[in-house]
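Chain by chain, the residues run as shown.
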Amino acid sequence: MLVLVAPGQGAQTPGFLTPWLELPGAADRVAAWSDAIGLDLVHYGTQADAEAIRDTAVAQPLLVAAGLLSAAALGDIAPGAVAGHSVGEITAAAFAGVLDDVSALNLVRKRGLAMADAAAITETGMSALLGGDPEVSVAHLEKLGLTPANINGAGQIVAAGTLEQLAALAEDKPEGVRKVVPLKVAGAFHTRHMAPAVDTLAKAAAELAPTDPKLTYVSNKDGRTVASGTEVLERLVGQVANPVRWDLCMETFKELGATALIEVCPGGTLTGLAKRALPGVRTLALKTPEDLDAARALIAETATPAADAAGA
C-alpha cells in the first residue's frame, strides 16, 4: 500500500522548482497559479535567494505549488493514503480532492500571510532536537517555556518559542539530545504565538466548499483518518496554533499496512523520518524530475493487480 506525503516549511531551497518547470505544461500551470493568488511562484521557485523564500508568506504557497506540480507529474495515481506535515496538509487535502488546486493555493496564500503577520508580533523561531527520550525532552522544553510544536517520531522533536528561549535551549540541551538545529522558518508555528492567524484562516476557510476525501486522509493533529471534508478544513485551521503529531501519522501508516511512501517535491525530510520509524517500508523522495521514473516503478509495484481487485 502506497502513502503519498507532502513536506512542510523549511524544505524549500533556492531554485528547487527550476527543473520541474521544464516538464510539458508545467510553466504555464504555475504561471496561472501565480496569477490566481497574486504571487510570482515562478520567480520565487527559480531565482529568489534563501532569505526571500524563508518568508512565510512566500514559502507556504511555494511548497504547496511544488507538491501539486510534482504529484501531477506522476500521472493518475490512487495512493492508499495521503498526509502532509504542517502546511503540507493543504497539499494533501488537494490530493484527496477536498479542495481543488486553486482553492488550496488561495487558502495557503492567506495562511502564509496571516502566519507572517502573527510571527511579526514577537521574534520567534523553531529548532529541531535530534535524539534523546521524548518524555525527557518535552519536560525540558516546557521548563524553558518552549512548546514541542512538532513531535515527528524517529527521535526528532521540534521546539518553538521566542529567540531568547531557543538560545537558552542551545546552551542547555535535554539529556540525551545529540544536537539542536535551528530551522529555516520565520516564526514559532503550531504554538500560541500563531493564535492571531487562526481567526483569519477560519474566515478564509468559511468561504470554501470542501468535498469529502476521495482517498484516505491522515490528519497530523492526532494521526486519525478523517472522512469529512468539513472536518479536514476545520483541522487545517486549528493546526496553525497546535502541535503537529507526525509520529502518530506514521503509526497510522503502519496500521493501514503501508509498504511504500513517496514524498512529493521538495522531498527528503519525511522520507528520512520514515526510514527510521517505518522499517521495511520503501521510501522515495521527489527532489527533481529525474526521480519520476523510479517513483512510477514503485507505484506500479504497490498497485493491486486487477484480478486480485476483482476477487478472482
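Use the structure listed above.
Computed from a prediction, not measured in an experiment: that's the story for all the values here.

**Q** Residues and numbers for the sheet that holds strand β5 (residues 156-162), please.
**A** Overall, antiparallel pairing links the four strands, which are arranged β4-β5-β3-β6 in an open sheet. Looking at the sheet topology across the chains shown, the edges are occupied by β4 (147-153) and β6 (177-182). Within the sheet, the average angular offset between the axes of one strand and its neighbour, ignoring direction, is 25°. The strands that helix α7 (residues 134-143) touches are β3 (124-131), β4, β5 and β6; relative to β5, the one it contacts most, it runs at about 5°.

**Q** Got a sec to walk through the pairing of strand β9 (residues 260-263)? Specific residues and values, please.
**A** Successive residues of a regular strand alternate their side chains across the two faces of the sheet. Residues of β9 alternate between two faces, with Ala260 and Ile262 on one and Leu261 and Glu263 on the opposite face, all of them buried. The parallel pair β9 and strand β10 (residues 282-285), bridged by helix α12 (residues 269-277), forms a crossover whose chirality is right-handed.

**Q** Help me get a handle on the layout of surface pockets, residues and values and all.
**A** What the largest pocket holds in volume is close to 440 Å³. Contributing to the lining of the largest pocket are 24 residues, with Gln9, Gly10, Ala11, Leu183 and Thr269 lying nearest its centre. Those elements giving two or more residues to the lining of the largest pocket turn out to be β3, β4, β5, β6 and α12. Considered class by class, the residues forming the lining of the largest pocket number 13 nonpolar, ten polar and one charged. Computed from the structure, the second largest pocket encloses a volume of approximately 290 Å³. Taken together, 15 residues line the second largest pocket, and the ones lying closest to its centre are Ala71, Gly75, Ile77, Ala94 and Phe95.

**Q** Quick rundown of the side chain of histidine 190? Include the residues and the values.
**A** In this structure, histidine 190 sits in the loop between β6 and α9 (195-206). Histidine 190 gets classed as buried once you look at its relative accessible area, which sits at 1%. Within the structure, histidine 190 has its side chain in polar contact with the side chain of serine 86 (distance 2.6 Å). Here asparagine 242 takes part through its backbone oxygen, which lies 3.1 Å from a polar atom of the side chain of histidine 190.

Analysis parameters
- Residues numbered from 1 in each chain as written.
- Predicted model: local features only at pLDDT ≥ 70, side-chain atom pairs only at ≥ 80, totals over all residues.
- Heavy atoms only, no water.
- Pairing = 2+ DSSP bridges.
- Helix = DSSP H or I, 4+ residues; strand = E, 2+ residues; numbered from the N terminus.
- Axes fitted to C-alpha atoms, helices over the stretch in contact; angles between N-to-C directions.
- Contact = heavy atoms within 4.5 Å.
- Buried < 20%, exposed > 50% of the residue type's maximum accessible area, 1.4 Å probe, protein only.
- Right-handed = clockwise from strand over helix to strand, strands pointing away.
- 1 Å grid on protein atoms, 1.4 Å probe; cavity = no way out; pocket = protein on both sides within 12 Å on 5 of 7 lines; lining within 4 Å.
- Points joined across faces, edges and corners; volume = space filled by probe spheres on them.
- Nonpolar A, V, L, I, M, F, W, Y, C, P; charged D, E, K, R; others polar.
- Polar contact = N/O pair within 3.5 Å; in protein donor to acceptor, adjacent residues only side chain to side chain.

Nothing here speaks to function; it is all geometry.
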